[in-house]
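Each chain, letter by letter, is given below.
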Amino acid sequence: MLIHLPPAYPPKSSIHPWNRSHKCNISAWWETDENSCEKVAKWRTFTYRGKNTPLFFDIVDASVFDFLMDDGDRHNYEVITINYTPRMILLDNGRGMGNSYIDHIDILAPLFQCCFLRNSTWNTLLDLRGGNLSYWLRYLITFNNSNPEIILTEKHFKAFDRRLLIIFAVLEDCFLRKGKKNVILND
């Protein structure tokens, strides 16, 4: 798939802070460091005048998206800057929709280590619960006159709904540790 971005918005690629090692017996730095979220939050890329930029929220949102489709291969992320605000764009989702029986929880590390989520993302997740995620995926696929089973198997649709429940469980744990008002943050 090719993507065209206007010349005014050239994407910059950066190494993902929660990049997985993909090597046996070698842990990524964030897997052994209890303060990894606090350290990433201080990176110049994610702060401006002492506050976290929208890009930091984008990283957490992307972890939710990647977990839903089981894409644990986010080595880099691309950023475009619009109106002086850097925003993440997801270009490489090549490893998504893998094994529908396995849920790689470590993909959610930015969420469960930082314990925050945009309010708009929270509301979207709430709207997709109860089977609505797989329902709308099927609908969007059939809207393009495609047979859903050609693109995704029934096992994949079930995996989406199951993974959404896992995300809610992670957020519930965050609510218990930090309080809901400190986890669900205004956009």
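First things first, this report covers the structure right here in the doc. Remember, predicted model here, so these are calculated numbers, not experimental data. (Residues numbered from 1 in each chain as written. Predicted model: local features only at pLDDT ≥ 70, side-chain atom pairs only at ≥ 80, totals over all residues. Heavy atoms only, no water.)

### Observations concerning helix H5 (residues 119-127)
Step number 1: Those residues of H5 not exposed but buried are Thr121, Trp122 and Leu125. The arc enclosing the buried residues of H5, seen along the axis, measures out at 100°, which places them on a common side.
Step number 2: Of the surrounding elements, those touching the buried residues of H5 are helix H3 (54-68), strand S6 (117-118), helix H8 (154-178), helix H9 (180-183) and strand S7 (184-185). (Buried < 20%, exposed > 50% of the residue type's maximum accessible area, 1.4 Å probe, protein only. Helix = DSSP H or I, 4+ residues; strand = E, 2+ residues; numbered from the N terminus. Arc of directions from axis to C-beta. Contact = heavy atoms within 4.5 Å.)

### Comments concerning the side chain of Asp161
Step number 1: Looking at the secondary structure, you find Asp161 in helix H8.
Step number 2: Those residues in contact with Asp161 that lie beyond four places of it in its chain are Gly131, Leu133 and Ser134.

### Remarks on the nonpolar core
The tendency in soluble globular proteins is for nonpolar side chains to be buried as a group.
Step number 1: Trp18, Phe56, Leu111, Leu117, Ile167 and Leu171 are the most contacted members of the largest nonpolar core, which totals 45 residues.
Step number 2: Of all the secondary-structure elements, those providing two or more residues to this core are helix H2 (36-41), H3, strand S4 (76-82), helix H4 (109-114), H5, helix H6 (132-143) and H8.
Step number 3: Not counting residues within four places of it along the chain, the set of residues in contact with Leu117 comprises Val60, Asp61, Val64, Leu111, Trp122, Leu125, Leu171, Val183, Ile184 and Leu185. (Core = buried A, V, L, I, M, F, W, Y, C linked by side-chain atoms within 4.5 Å.)

### A closer look at the packing of H6 against H8
Step number 1: Contact pair H6 / H8: the axes reach a minimum separation of 8 Å and the direction vectors enclose 140°. Regarding the angle of H6 to H8, the classification is oblique. In contact with Leu133, Ser134, Leu137, Arg138 and Ile141 of H6, H8 contributes Glu154, Phe157, Phe160, Asp161 and Leu164.
Step number 2: Residues belonging to the contact of H6 with H8 are distributed by class as follows: 6 nonpolar, 1 polar and 3 charged. (Axes fitted to C-alpha atoms, helices over the stretch in contact; angles between N-to-C directions. Parallel < 35°, antiparallel > 145°, perpendicular 65-115°, else oblique. Nonpolar A, V, L, I, M, F, W, Y, C, P; charged D, E, K, R; others polar.)

### Topic: the packing of aromatic side chains
Step number 1: On inspection of all chains with the given rule, the structure shows 10 aromatic pairs.
Step number 2: With a centroid separation of 5.3 Å and an interplanar angle of 55°, the aromatic rings of Phe56 and Phe116 are classed as tilted. You can see Phe56 sitting in helix H3 and its partner Phe116 sitting in the loop between H4 and S6, a full 60 residues away along the chain.
Step number 3: We classify Phe116 as buried; its relative accessible area is 8%.
Step number 4: Their ring planes at 85° and their centres at 5.3 Å tell us that Trp136 and Tyr139 sit as a pair that is edge-to-face. On the criterion of helical spacing, the pair formed by Trp136 and Tyr139 is a turn pair, its members being 3 residues apart in helix H6. (Phe/Tyr/Trp six-rings, centres within 6.5 Å; stacked < 30°, edge-to-face > 60°.)

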